[in-house]
Amino acid sequence: MKLLAMQDALQLAMRHWHVGGTIKALPSYADQNFLIRGDRGEFVLKLANPAYSHANLDLENQAMLQLARIEPAYAWPRVQFTADGSHIVTLDIDGEVRHVRLLSYVPGRTYADAVAGLPPAARRALQVSLGRAVACMNQGLASLRHPAAGRAQEWNLLNLPMLLDECDHIDDSPLREIVRRRATDFCAALPALAERLPLCVLHNDANDLNVIVGDENIVTAVIDFGDMCTGFRLAELAIACTYAMQHEADPVDCARRILAGYLAHDELLAAERERLHDFIVARLCHSILMATRAFRQQPDNPYVLVSQDGVRALLRALDTVPAAALLEPAQ
């Protein structure tokens, strides 16, 4: 991917969206992102990786547009339109076809930054607010229909069977057996789960760096819609729990509060509640297997294992916790 200079990016934003000001590059795994601050506010200019299709980016934008309509109290990234009504501009940049978007910048701190150092009462309130935000996101996306929503997504729990062979490559023998047992059991249950549990369009990545917390220490938004897919409705809640629990000395009580926040705003089937523990464990196994594969393919890149200590510790802890424990009242 060829990189665009900052001043060229600023001219692009001015030409298509009439947005100017100061500009700085933002970190991104696969795209080029820029923060632009000016008289009209703060915006993120996103130049997609050339490998990303227009349809997939349209799915992300349609999700953000729908959430802004249905759940306007949250600060989801707001999709910006050009003067001719477009929300994706396709350009030839140095011989590469690039899709360009402009979104509002979402102020606040990440959940990972916000939770650190909070007193107990504030931590509990933050956890409840996370559950409510996930419920609002599920509700907001429930009616979304899009041709790209059925795309293959390697982080979709429905695709966990494709990773089972990676169990052999986990370097920690006791952990390897936990992952093998838990992931195999979950995969065996998948056909029955797909018949019993609701499926819908998911954000699919409400991790502690994508969840945004406002000044009052409650969740105000979720960002980064790049992992969207159609999957289990319950997966959205399980993913949020998986990352928030890693910040707590009592991860089970954390999950209970997130669940309580969710149920205060929206209902789950009894079968979904009963499976929450299994879905959290499956997501942890999924993360370990994905990281194992990535490290096997890139052994000189320690970054692919950067979050694995917390993931592995939580899986070991939850392996000894009865599933029903997550459904008890919070302490």
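Criteria and thresholds
Residues numbered from 1 in each chain as written. Predicted model: local features only at pLDDT ≥ 70, side-chain atom pairs only at ≥ 80, totals over all residues. Heavy atoms only, no water. Phe/Tyr/Trp six-rings, centres within 6.5 Å; stacked < 30°, edge-to-face > 60°. Buried < 20%, exposed > 50% of the residue type's maximum accessible area, 1.4 Å probe, protein only. Helix = DSSP H or I, 4+ residues; strand = E, 2+ residues; numbered from the N terminus. Contact = heavy atoms within 4.5 Å. Expected span 1.5 Å × (residues − 1). Salt bridge = Lys/Arg side-chain N within 4 Å of Asp/Glu carboxyl O. Pairing = 2+ DSSP bridges. Axes fitted to C-alpha atoms, helices over the stretch in contact; angles between N-to-C directions. Core = buried A, V, L, I, M, F, W, Y, C linked by side-chain atoms within 4.5 Å.

Draft legend 1. Representation of the packing of aromatic side chains within the structure. This model, assessed by the stated rule, comprises 3 aromatic pairs. For the ring pair Tyr74 and Trp76, a centre distance of 5.1 Å and an interplane angle of 35° mean the geometry is tilted. Owing to a relative accessible area of 1%, Trp76 belongs among the buried residues under this scheme. Residues Phe186 and Phe279 carry aromatic rings whose centres are separated by 5.2 Å and whose planes lie at 85° to one another, so their mutual orientation is edge-to-face. With a gap of 93 residues between them, Phe186 in helix α5 (residues 173-196) and Phe279 in helix α9 (residues 276-297) connect regions that are remote in the sequence. Phe279 carries the same exposure label as Phe186, and that label is buried. Ring-pair connections join several aromatic residues into one group, and the members of that group are Phe186, Phe232 and Phe279.

Draft legend 2. Representation of the side chain of Asp253. With respect to the helices, strands and loops of the structure, Asp253 is situated in helix α7 (residues 251-265). Other than its neighbours up to four places away in sequence, Asp253 contacts Ala330 and Gln331.

Draft legend 3. Expanded view of helix α1 (residues 6-17). With 12 residues, α1 extends 16 Å from end C-alpha to end C-alpha; this agrees with the ideal 16 Å at 1.5 Å per step. The inward-facing, buried residues of α1 contact β1 (22-26), β2 (32-38), β3 (41-47), β4 (89-93) and β5 (96-104). Phi turns positive one or two residues past the end of α1, at His18, with a value near 60°.

Draft legend 4. Expanded view of the pattern of salt bridges. Evaluation of the coordinates by the stated rule reveals 20 salt bridges. A salt bridge links Arg180 to Glu177; its shortest N-O distance comes to 3.8 Å. Highlighted residues: Arg180 and Glu177, both in helix α5, separated by 3 residues, approximately one helical turn. Judged by relative accessible area, Arg180 falls into the partly exposed class, the value being 29%. Given the relative accessible area of 40%, Glu177 is considered partly exposed. Linked by salt bridges that have partners in common, Asp168, Arg176, Glu177 and Arg180 make up one network.

Draft legend 5. Broad picture of the sheet that holds β4. Read from one edge to the other, the open sheet built from 5 strands follows the order β1-β2-β3-β5-β4, with strand pairing classed as antiparallel. Of all the strands in the sheet, the pair left with one neighbour each is β1 and β4. Pairs of neighbouring strands in the sheet enclose a mean axial angle of 30°, with direction left out of account. Relative to β2, β1 runs antiparallel, the two sharing 5 bridges. For Lys24, the partnering residue across the bridge sits in β2 and is Leu35. Relative to the sheet, α1 contacts β1, β2, β3, β4 and β5, its axis offset from that of β1 by approximately 115°.

Draft legend 6. Structural view of the nonpolar core. By size, the foremost hydrophobic cluster in this structure holds 85 residues, and its most contacted members are Leu237 and Phe279. Per-element accounting of this core gives the leading share, 10 residues, to α9. Sequence-distant contacts of Phe279, that is, excluding residues within four places in its chain, are made with Leu157, Phe186, Leu193, Leu197, Phe232, Leu234, Ala235 and Ala238. Within the second largest apolar cluster, 18 residues are counted, among which are Val19, Ile36, Leu91 and Leu102.

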